[in-house]
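So the chains spell out like this:
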Amino acid sequence: DQQVKQNSPSLSVQEGRISILNCDYTNSMFDYFLWYKKYPAEGPTFLISISSIKDKNEDGRFTVFLNKSAKHLSLHIVPSQPGDSAVYFCAAIDERGSQGNLIFGKGTKLSVKP
Amino acid sequence: NAGVTQTPKFRILKIGQSMTLQCTQDMNHNYMYWYRQDPGMGLKLIYYSVGAGITDKGEVPNGYNVSRSTTEDFPLRLELAAPSQTSVYFCASGRDSYNEQFFGPGTRLTVL
């Protein structure tokens, strides 16, 4: 059973508009969440993270929101740029028992159209 | 500073063959990980290590072995390759268990 779910396999957005990528999780013991970006034929690269004690973290054009009661997080990209076109993975850590093992969602492929 | 490097980039194996996927990091990270990514799926943890001489199983360890004799290297061994091991393999390292992991470029393995 998937503990981290990204229910949208793909998302298409116009350049300059907002991209919103969603992620749901089922394990209430997850206490740290990360977003990774992956280009074809490359490894994932870290984008932004959020601790469960926060509900928002911002880094430039990227903002992650966490709603613990709904077990939901989202990544906002504003404004979207063509170079943001990639697969975005949501990942979670259960720090207490996992030695930092990341539990990944299946990813959402973002296409930003010029 | 090369980060995490993996070799080879591509490999085709016949059923029953064995091979070692190499992973090296130059960031002096204690934590290292091996993941596999099947088409349309997220990454799944195969094995991990929290320091030289210490390894443990992840979610999908069957058919694989690892060793960690140095901080820098974390090779993954496939002893009897099976078609189910066709996948892209990523090695990663991290400073500790609660920070981001840095990934290598991956090894695309096909078992025929």
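Rules behind the numbers
- Residues numbered from 1 in each chain as written.
- Chains lettered and ligands numbered in written order.
- Predicted model: local features only at pLDDT ≥ 70, side-chain atom pairs only at ≥ 80, totals over all residues.
- Heavy atoms only, no water.
- Helix = DSSP H or I, 4+ residues; strand = E, 2+ residues; numbered from the N terminus.
- Contact = heavy atoms within 4.5 Å.
- Salt bridge = Lys/Arg side-chain N within 4 Å of Asp/Glu carboxyl O.
- Buried < 20%, exposed > 50% of the residue type's maximum accessible area, 1.4 Å probe, protein only.
- Pairing = 2+ DSSP bridges.
- Buried area = accessible area lost by both parts, 1.4 Å probe.
- Polar contact = N/O pair within 3.5 Å; in protein donor to acceptor, adjacent residues only side chain to side chain.
- Axes fitted to C-alpha atoms, helices over the stretch in contact; angles between N-to-C directions.
- 1 Å grid on protein atoms, 1.4 Å probe; cavity = no way out; pocket = protein on both sides within 12 Å on 5 of 7 lines; lining within 4 Å.
- Points joined across faces, edges and corners; volume = space filled by probe spheres on them.
- Nonpolar A, V, L, I, M, F, W, Y, C, P; charged D, E, K, R; others polar.
- Phe/Tyr/Trp six-rings, centres within 6.5 Å; stacked < 30°, edge-to-face > 60°.
- Lys NZ or Arg CZ within 6 Å of the ring centre and 35° of its normal.

Engineer: Sorry if this is basic, but what is going on with the environment of Phe104 of chain A here?
Structural biologist: With respect to the helices and strands, Phe104 of chain A occurs in strand 10 (residues 102–104). Setting aside chain neighbours within four positions, we find Phe104 of chain A in contact with Val4, Tyr36, Phe89, Cys90 and Ala91 of chain A together with Tyr35, Gly42, Leu43 and Phe103 of chain B.

Engineer: Is there a simple way to think about the pattern of salt bridges in this case?
Structural biologist: A side chain with one charge can pair with a side chain of the opposite charge if their charged atoms come near. On inspection of all chains with the given rule, the structure shows 5 salt bridges over all chains. Measuring nitrogen to oxygen at the nearest pair gives 3.9 Å for the salt bridge that ties Lys56 of chain A to Glu58 of chain A.

Engineer: Just to check I follow, could you spell out the pairing of strand 5 (residues 43–51) of chain B for this structure?
Structural biologist: Side-chain positions along a regular strand alternate between the two faces of the sheet. All names here are of chain B. Of all 9 residues that make up strand 5, 7 are buried, and the element is covered over most of its length. When strand 4 (residues 31–37) meets strand 5, the two strands line up antiparallel, connected through 6 bridges. Considered in strand 5, the bridge of Met32 is made with Ser49. Counting the residues between successive antiparallel strands, the hairpin from strand 4 to strand 5 contains 5 residues, one of them, Gly40, with a positive phi of roughly 75°. Sheet topology note: the strand 5/strand 6 (residues 54–57) ladder contains 4 bridges and is antiparallel. Paired with Tyr48 across the bridge in strand 6 is Asp56. Remark: 2 residues form the turn of the hairpin made by strand 5 and strand 6, two consecutive strands paired antiparallel; Gly53 in that turn has positive phi of roughly 85°.

Engineer: What is the right way to look at the sheet that holds strand 6 (residues 56–59) of chain A in this model?
Structural biologist: In a beta sheet, neighbouring strands pair by backbone hydrogen bonds and run either parallel or antiparallel. All names here are of chain A. Strand order in the open sheet formed by 5 strands is 1-3-8-7-6, with antiparallel pairing between adjacent strands. Strands at the two margins of the open sheet, each flanked by one partner only, are strand 1 (4–5) and strand 6. Summarising the sheet, strand 3 (residues 19–25) and strand 8 (residues 72–77) pair through 6 bridges and their orientation is antiparallel. Each residue of the ladder has a partner; that of Ser19, found in strand 8, is Ile77.

Engineer: Could you clarify how one ought to interpret the interface of chain B and chain A in this entry?
Structural biologist: Interface size, as often reported, equals the accessible area lost upon joining of the parts. Facing 19 residues of chain B, the contacting portion of chain A comprises 20 residues. Summed over both sides, the interface between chain B and chain A buries roughly 1700 Å², with carbon and sulfur atoms accounting for 60% of that surface. Applying the counting rule to chain B against chain A returns 0 salt bridges. One can count 2 residue pairs in polar contact (both at pLDDT 80 or more) joining chain B with chain A.

Engineer: Just checking my understanding: could you explain the sheet that holds strand 1 (residues 4–7) of chain B for this structure?
Structural biologist: Residue and element names in this part refer to chain B. Across the sheet, which stays open at both edges, the 4 strands sit in the order 1-3-8-7 with antiparallel pairing between neighbours. A strand with exactly one partner marks an edge of an open sheet, and here the two such strands are strand 1 and strand 7 (64–66). Between one strand and the next, the sheet's axes are offset by a mean angle of 20°, whatever the strand orientation. Taken together, the 4 bridges between strand 1 and strand 3 (residues 19–25) define a ladder with antiparallel strand orientation. Bridged to Thr5 within strand 3 is Thr24.

Engineer: Help me understand the layout of surface pockets in this model?
Structural biologist: Empty pockets left among the atoms are what a rolling probe the size of a water molecule brings to light. Here the largest pocket defines a volume of roughly 710 Å³. Considering the residues around the largest pocket, the lining is formed by 33 residues, among which Lys38, Pro40 and Ala41 of chain A together with Gln37 and Arg108 of chain B are closest to the centre. At the level of elements, strand 9 (86–93) and strand 11 (108–113) of chain A together with strand 9 (87–94) and strand 11 (107–111) of chain B are the ones that each hand at least two residues to the lining of the largest pocket. Residue contributions to the lining of the largest pocket peak at 4 residues, all from strand 11 of chain B. Residue composition of the lining of the largest pocket, by class: 15 nonpolar, 11 polar and 7 charged. For the second largest pocket, the calculated volume is near 230 Å³.

Engineer: Quick question: what am I supposed to make of the packing of aromatic side chains here?
Structural biologist: For any pair of aromatic rings, the description rests on two quantities: the centre-to-centre distance and the angle between the ring planes. Under the counting rule described, the total for this entry stands at 13 aromatic pairs over all chains. Residues Tyr36 of chain A and Phe103 of chain B carry aromatic rings whose centres are separated by 5.4 Å and whose planes lie at 85° to one another, so their mutual orientation is edge-to-face. Here the residue Tyr36 of chain A occupies a position in strand 4 (residues 32–38), and Phe103 of chain B occupies one in strand 10 (residues 102–103), the pair thus bridging two chains. For the pair Tyr36 of chain A and Phe103 of chain B, one class covers both residues: buried. Chaining the aromatic ring pairs together yields one cluster made of Tyr36, Phe46, Phe89 and Phe104 of chain A together with Tyr33, Tyr35, Tyr48 and Phe103 of chain B. Residue placement shows Arg68 of chain B over the ring face of Phe74 of chain B; its charged tip is 6.0 Å from the ring centre.

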